[in-house]
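Each chain is listed here by its residues.
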Amino acid sequence: GSLLIASGLCKAYGPTTALDGADFSIHPGEVVAVMGPSGSGKSTLLHCLAGIVTPDTGTITYDGRVLSAMSDAERSALRRTDFGFVFQFGQLVPELTCVENVALPLRLAGVKRREAERAALGWMERLEVDGLRAKRPGEVSGGQGQRVAVARSLVTRPRVLFADEPTGALDSLNGERVMQLFTEAARSANAAVVLVTHEARVAAYSDREIVVRDGKSRDMMQELPA
Ligand code: ADP
Ligand code: ADP
(Lines give C-alpha, C1' and ligand atoms only; values in the text may rest on other atoms or scores of the structure.)
(Ligands and ions follow the chains in the order given, each with its own letter.)
Protein backbone atom coordinates (compact mmCIF):
# COMPACT_ATOMS: atom_id res chain seq x y z
CA GLY A 1 0.00 0.00 0.00
CA SER A 2 0.91 3.67 -0.09
CA LEU A 3 2.32 5.50 2.89
CA LEU A 4 1.54 8.98 1.63
CA ILE A 5 -1.06 9.94 -1.00
CA ALA A 6 -1.45 13.42 -2.49
CA SER A 7 -4.67 13.99 -4.33
CA GLY A 8 -5.49 17.14 -6.30
CA LEU A 9 -3.34 19.46 -4.18
CA CYS A 10 -3.74 23.14 -4.99
CA LYS A 11 -2.14 26.04 -3.19
CA ALA A 12 -2.02 29.72 -4.14
CA TYR A 13 -0.28 32.65 -2.46
CA GLY A 14 -2.41 35.58 -3.55
CA PRO A 15 -2.17 35.68 -7.35
CA THR A 16 0.68 33.12 -7.41
CA THR A 17 -0.28 29.51 -8.00
CA ALA A 18 2.29 27.41 -6.18
CA LEU A 19 0.56 24.04 -6.64
CA ASP A 20 -1.99 23.26 -9.31
CA GLY A 21 -3.32 19.76 -8.83
CA ALA A 22 -0.54 17.52 -7.55
CA ASP A 23 -1.42 13.81 -7.58
CA PHE A 24 0.89 10.97 -6.60
CA SER A 25 1.56 8.37 -3.97
CA ILE A 26 4.68 7.41 -2.08
CA HIS A 27 5.41 3.88 -0.91
CA PRO A 28 7.29 2.58 2.11
CA GLY A 29 10.98 1.93 1.47
CA GLU A 30 11.17 4.41 -1.36
CA VAL A 31 13.40 7.47 -1.90
CA VAL A 32 11.57 10.04 -4.02
CA ALA A 33 13.19 13.15 -5.48
CA VAL A 34 10.96 16.18 -6.09
CA MET A 35 12.55 18.10 -8.95
CA GLY A 36 11.75 21.19 -10.97
CA PRO A 37 12.93 24.72 -11.63
CA SER A 38 13.15 27.38 -8.97
CA GLY A 39 9.71 28.72 -8.02
CA SER A 40 7.85 25.71 -9.43
CA GLY A 41 6.33 24.76 -6.07
CA LYS A 42 8.69 22.11 -4.71
CA SER A 43 9.02 23.53 -1.20
CA THR A 44 5.30 24.23 -1.03
CA LEU A 45 4.62 20.63 -2.00
CA LEU A 46 6.98 19.33 0.68
CA HIS A 47 5.45 21.60 3.34
CA CYS A 48 1.92 20.46 2.40
CA LEU A 49 2.91 16.77 2.53
CA ALA A 50 4.48 17.30 5.96
CA GLY A 51 1.32 18.97 7.28
CA ILE A 52 3.08 22.32 7.82
CA VAL A 53 1.16 24.20 5.10
CA THR A 54 -2.53 23.52 4.49
CA PRO A 55 -3.42 23.16 0.80
CA ASP A 56 -6.37 25.23 -0.50
CA THR A 57 -7.96 22.13 -2.00
CA GLY A 58 -7.05 18.47 -2.26
CA THR A 59 -6.11 15.93 0.37
CA ILE A 60 -3.04 14.28 1.81
CA THR A 61 -3.46 10.85 3.30
CA TYR A 62 -0.74 9.50 5.55
CA ASP A 63 -0.98 5.88 6.66
CA GLY A 64 -4.74 5.88 6.01
CA ARG A 65 -5.39 9.18 7.81
CA VAL A 66 -6.37 12.42 6.07
CA LEU A 67 -4.11 15.17 7.43
CA SER A 68 -6.69 17.96 7.04
CA ALA A 69 -9.20 15.95 9.08
CA MET A 70 -6.86 15.91 12.05
CA SER A 71 -6.68 18.62 14.71
CA ASP A 72 -3.61 20.87 14.92
CA ALA A 73 -2.54 19.00 18.05
CA GLU A 74 -2.88 15.62 16.33
CA ARG A 75 -0.92 16.85 13.32
CA SER A 76 1.91 18.22 15.43
CA ALA A 77 2.04 14.99 17.45
CA LEU A 78 2.26 13.06 14.19
CA ARG A 79 5.06 15.29 12.92
CA ARG A 80 6.96 14.61 16.11
CA THR A 81 6.50 10.83 16.19
CA ASP A 82 6.43 9.83 12.53
CA PHE A 83 8.14 12.52 10.46
CA GLY A 84 11.69 13.80 10.19
CA PHE A 85 12.71 17.07 8.55
CA VAL A 86 15.68 18.74 7.00
CA PHE A 87 14.71 22.30 6.13
CA GLN A 88 16.58 24.65 3.85
CA PHE A 89 17.16 27.49 6.31
CA GLY A 90 17.43 28.27 9.99
CA GLN A 91 16.70 24.88 11.34
CA LEU A 92 19.15 24.45 14.20
CA VAL A 93 18.36 26.03 17.55
CA PRO A 94 21.12 28.64 18.03
CA GLU A 95 21.17 28.44 21.83
CA LEU A 96 21.81 24.68 21.88
CA THR A 97 25.08 22.88 21.11
CA CYS A 98 25.19 20.68 18.02
CA VAL A 99 24.76 17.47 20.02
CA GLU A 100 21.84 19.00 21.92
CA ASN A 101 20.27 19.96 18.60
CA VAL A 102 20.58 16.42 17.26
CA ALA A 103 19.26 14.95 20.53
CA LEU A 104 16.34 17.39 20.68
CA PRO A 105 13.69 15.28 18.87
CA LEU A 106 14.46 12.38 21.25
CA ARG A 107 14.34 14.67 24.29
CA LEU A 108 10.92 15.93 23.12
CA ALA A 109 9.82 12.29 22.86
CA GLY A 110 10.79 11.79 26.51
CA VAL A 111 14.13 10.04 26.10
CA LYS A 112 16.61 10.73 28.92
CA ARG A 113 19.44 13.14 28.19
CA ARG A 114 22.32 10.65 28.39
CA GLU A 115 20.61 8.12 26.12
CA ALA A 116 19.41 10.80 23.68
CA GLU A 117 22.90 12.28 23.37
CA ARG A 118 24.48 8.86 22.90
CA ALA A 119 22.13 8.15 19.98
CA ALA A 120 22.74 11.67 18.66
CA LEU A 121 26.52 11.16 18.70
CA GLY A 122 26.16 7.89 16.81
CA TRP A 123 24.47 9.71 13.92
CA MET A 124 26.93 12.60 14.16
CA GLU A 125 29.81 10.14 13.79
CA ARG A 126 28.26 8.70 10.65
CA LEU A 127 28.10 12.22 9.22
CA GLU A 128 31.58 13.06 10.55
CA VAL A 129 30.37 15.99 12.63
CA ASP A 130 30.82 14.39 16.08
CA GLY A 131 33.84 16.67 16.60
CA LEU A 132 31.40 19.61 16.61
CA ARG A 133 29.35 18.24 19.51
CA ALA A 134 30.04 21.15 21.89
CA LYS A 135 29.86 23.92 19.27
CA ARG A 136 26.80 26.10 18.71
CA PRO A 137 25.31 26.39 15.21
CA GLY A 138 26.74 29.90 14.83
CA GLU A 139 30.25 28.49 15.19
CA VAL A 140 30.09 25.94 12.36
CA SER A 141 30.09 26.30 8.58
CA GLY A 142 27.03 25.99 6.37
CA GLY A 143 27.97 22.50 5.24
CA GLN A 144 28.70 21.35 8.78
CA GLY A 145 25.36 22.74 10.01
CA GLN A 146 23.56 20.93 7.21
CA ARG A 147 25.14 17.62 8.21
CA VAL A 148 24.15 18.24 11.84
CA ALA A 149 20.58 18.85 10.63
CA VAL A 150 20.65 15.59 8.65
CA ALA A 151 21.81 13.74 11.79
CA ARG A 152 18.91 15.30 13.70
CA SER A 153 16.40 14.23 11.03
CA LEU A 154 17.52 10.59 11.30
CA VAL A 155 17.84 10.26 15.08
CA THR A 156 14.17 9.36 15.66
CA ARG A 157 14.14 6.86 12.77
CA PRO A 158 11.13 8.56 11.15
CA ARG A 159 8.67 6.73 8.91
CA VAL A 160 8.76 9.65 6.48
CA LEU A 161 11.74 11.92 6.10
CA PHE A 162 11.16 15.24 4.35
CA ALA A 163 14.24 17.07 3.15
CA ASP A 164 14.44 20.38 1.28
CA GLU A 165 17.73 20.64 -0.65
CA PRO A 166 19.50 18.59 2.05
CA THR A 167 22.77 18.53 0.15
CA GLY A 168 22.72 22.11 -1.14
CA ALA A 169 25.65 23.24 1.04
CA LEU A 170 27.65 20.00 0.74
CA ASP A 171 30.53 18.92 -1.47
CA SER A 172 29.90 15.85 -3.63
CA LEU A 173 31.44 13.37 -1.18
CA ASN A 174 29.30 14.56 1.74
CA GLY A 175 26.26 14.80 -0.53
CA GLU A 176 26.79 11.19 -1.54
CA ARG A 177 27.13 10.11 2.09
CA VAL A 178 23.84 11.83 3.01
CA MET A 179 22.05 10.13 0.13
CA GLN A 180 23.50 6.76 1.20
CA LEU A 181 22.22 7.29 4.76
CA PHE A 182 18.77 8.30 3.46
CA THR A 183 18.62 5.23 1.23
CA GLU A 184 19.70 3.01 4.12
CA ALA A 185 17.03 4.58 6.37
CA ALA A 186 14.39 3.92 3.72
CA ARG A 187 15.44 0.31 3.13
CA SER A 188 16.10 -0.77 6.70
CA ALA A 189 13.11 0.86 8.37
CA ASN A 190 10.74 0.64 5.40
CA ALA A 191 10.49 4.40 5.63
CA ALA A 192 9.95 6.89 2.82
CA VAL A 193 12.28 9.73 1.99
CA VAL A 194 10.91 12.71 0.07
CA LEU A 195 13.58 15.16 -0.92
CA VAL A 196 13.56 18.34 -2.92
CA THR A 197 16.62 18.83 -5.09
CA HIS A 198 17.55 20.61 -8.28
CA GLU A 199 20.70 18.52 -8.69
CA ALA A 200 20.49 15.59 -11.10
CA ARG A 201 23.50 14.08 -9.32
CA VAL A 202 21.47 13.89 -6.09
CA ALA A 203 18.27 12.75 -7.79
CA ALA A 204 20.26 9.89 -9.33
CA TYR A 205 20.23 8.24 -5.89
CA SER A 206 16.45 8.27 -5.71
CA ASP A 207 14.16 5.45 -6.77
CA ARG A 208 11.79 7.81 -8.50
CA GLU A 209 11.39 11.45 -9.49
CA ILE A 210 8.35 13.65 -9.18
CA VAL A 211 8.77 16.62 -11.50
CA VAL A 212 7.00 19.87 -10.60
CA ARG A 213 6.47 22.45 -13.34
CA ASP A 214 4.52 25.63 -12.74
CA GLY A 215 2.74 24.02 -9.85
CA LYS A 216 1.80 20.88 -11.76
CA SER A 217 3.44 17.59 -10.92
CA ARG A 218 3.91 14.52 -13.01
CA ASP A 219 4.81 11.16 -11.64
CA MET A 220 7.62 9.90 -13.86
CA MET A 221 6.74 6.28 -13.05
CA GLN A 222 3.40 6.65 -14.79
CA GLU A 223 5.14 7.80 -17.94
CA LEU A 224 7.44 4.83 -18.34
CA PRO A 225 6.40 2.38 -21.03
CA ALA A 226 4.98 -0.86 -19.61
P1 ADP B 1 10.38 26.03 -5.23
O2 ADP B 1 10.60 25.31 -3.95
O3 ADP B 1 10.17 25.09 -6.39
O4 ADP B 1 11.43 27.05 -5.53
P5 ADP B 1 8.20 27.31 -3.82
O6 ADP B 1 7.26 26.25 -3.40
O7 ADP B 1 9.12 27.87 -2.84
O8 ADP B 1 8.99 26.82 -5.11
O9 ADP B 1 7.37 28.53 -4.43
C10 ADP B 1 6.37 28.36 -5.45
C11 ADP B 1 5.78 29.73 -5.76
O12 ADP B 1 5.02 30.19 -4.63
C13 ADP B 1 6.82 30.81 -6.03
O14 ADP B 1 6.30 31.67 -7.02
C15 ADP B 1 6.96 31.50 -4.70
O16 ADP B 1 7.38 32.82 -4.87
C17 ADP B 1 5.55 31.40 -4.15
N18 ADP B 1 5.55 31.33 -2.66
C19 ADP B 1 6.04 30.31 -1.92
N20 ADP B 1 5.86 30.53 -0.61
C21 ADP B 1 5.23 31.73 -0.53
C22 ADP B 1 4.76 32.51 0.57
N23 ADP B 1 4.87 32.12 1.83
N24 ADP B 1 4.15 33.70 0.27
C25 ADP B 1 4.01 34.10 -1.01
N26 ADP B 1 4.42 33.41 -2.07
C27 ADP B 1 5.03 32.23 -1.85
P1 ADP C 1 31.65 23.74 4.32
O2 ADP C 1 31.83 23.09 2.97
O3 ADP C 1 31.63 22.74 5.43
O4 ADP C 1 30.50 24.72 4.36
P5 ADP C 1 33.40 26.06 4.40
O6 ADP C 1 34.35 26.15 3.25
O7 ADP C 1 32.21 26.93 4.40
O8 ADP C 1 33.00 24.52 4.54
O9 ADP C 1 34.18 26.26 5.75
C10 ADP C 1 35.45 25.67 6.00
C11 ADP C 1 35.78 25.82 7.47
O12 ADP C 1 35.64 27.17 7.87
C13 ADP C 1 34.86 25.00 8.34
O14 ADP C 1 35.48 23.79 8.69
C15 ADP C 1 34.62 25.86 9.54
O16 ADP C 1 35.45 25.48 10.59
C17 ADP C 1 34.98 27.26 9.10
N18 ADP C 1 33.76 28.05 8.95
C19 ADP C 1 33.13 28.33 7.79
N20 ADP C 1 32.05 29.11 7.97
C21 ADP C 1 31.99 29.36 9.28
C22 ADP C 1 31.12 30.14 10.09
N23 ADP C 1 30.06 30.80 9.58
N24 ADP C 1 31.37 30.18 11.40
C25 ADP C 1 32.42 29.52 11.91
N26 ADP C 1 33.29 28.78 11.20
C27 ADP C 1 33.10 28.70 9.90
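As recorded in an unreviewed UniProt entry, the protein goes by the name ABC transporter ATP-binding protein, listed as coming from Streptomyces chengmaiensis.

(A) Representation of the packing of helix α5 (residues 142–154) against helix α6 (residues 172–189). The N-to-C vectors of α5 and α6 enclose an angle of 5°; their axes lie 12 Å apart at closest approach. Taken as axis vectors, α5 and α6 run roughly parallel relative to one another. Counting all contacts with α5, which are made through Arg147, Val150, Ser153 and Leu154, the residues of α6 involved are Asn174, Val178, Leu181, Phe182 and Ala185. In terms of residue class, the contact of α5 with α6 is made up of six nonpolar, two polar and one charged.

(B) Examining the sheet that holds strand β4 (residues 57–62) more closely. Ordered by their spatial adjacency, four strands build an open sheet running β2-β1-β4-β5, and the pairing between neighbours is antiparallel. At either margin of the open sheet sits one strand with a lone partner, and together these are β2 (16–26) and β5 (65–66). Sheet topology note: the strand β1 (residues 4–13)/β4 ladder contains five bridges and is antiparallel. The residue bridging Ser7 from the neighbouring strand is Thr59, located in β4. Lying on the sheet, helix α1 (residues 42–49) is in contact with β1, β2 and β4; it crosses β2 at an angle near 55°.

Conventions and cut-offs
Residues numbered from 1 in each chain as written. Chains lettered and ligands numbered in written order. Predicted model: local features only at pLDDT ≥ 70, side-chain atom pairs only at ≥ 80, totals over all residues. Heavy atoms only, no water. Axes fitted to C-alpha atoms, helices over the stretch in contact; angles between N-to-C directions. Helix = DSSP H or I, 4+ residues; strand = E, 2+ residues; numbered from the N terminus. Parallel < 35°, antiparallel > 145°, perpendicular 65-115°, else oblique. Contact = heavy atoms within 4.5 Å. Nonpolar A, V, L, I, M, F, W, Y, C, P; charged D, E, K, R; others polar. Pairing = 2+ DSSP bridges.

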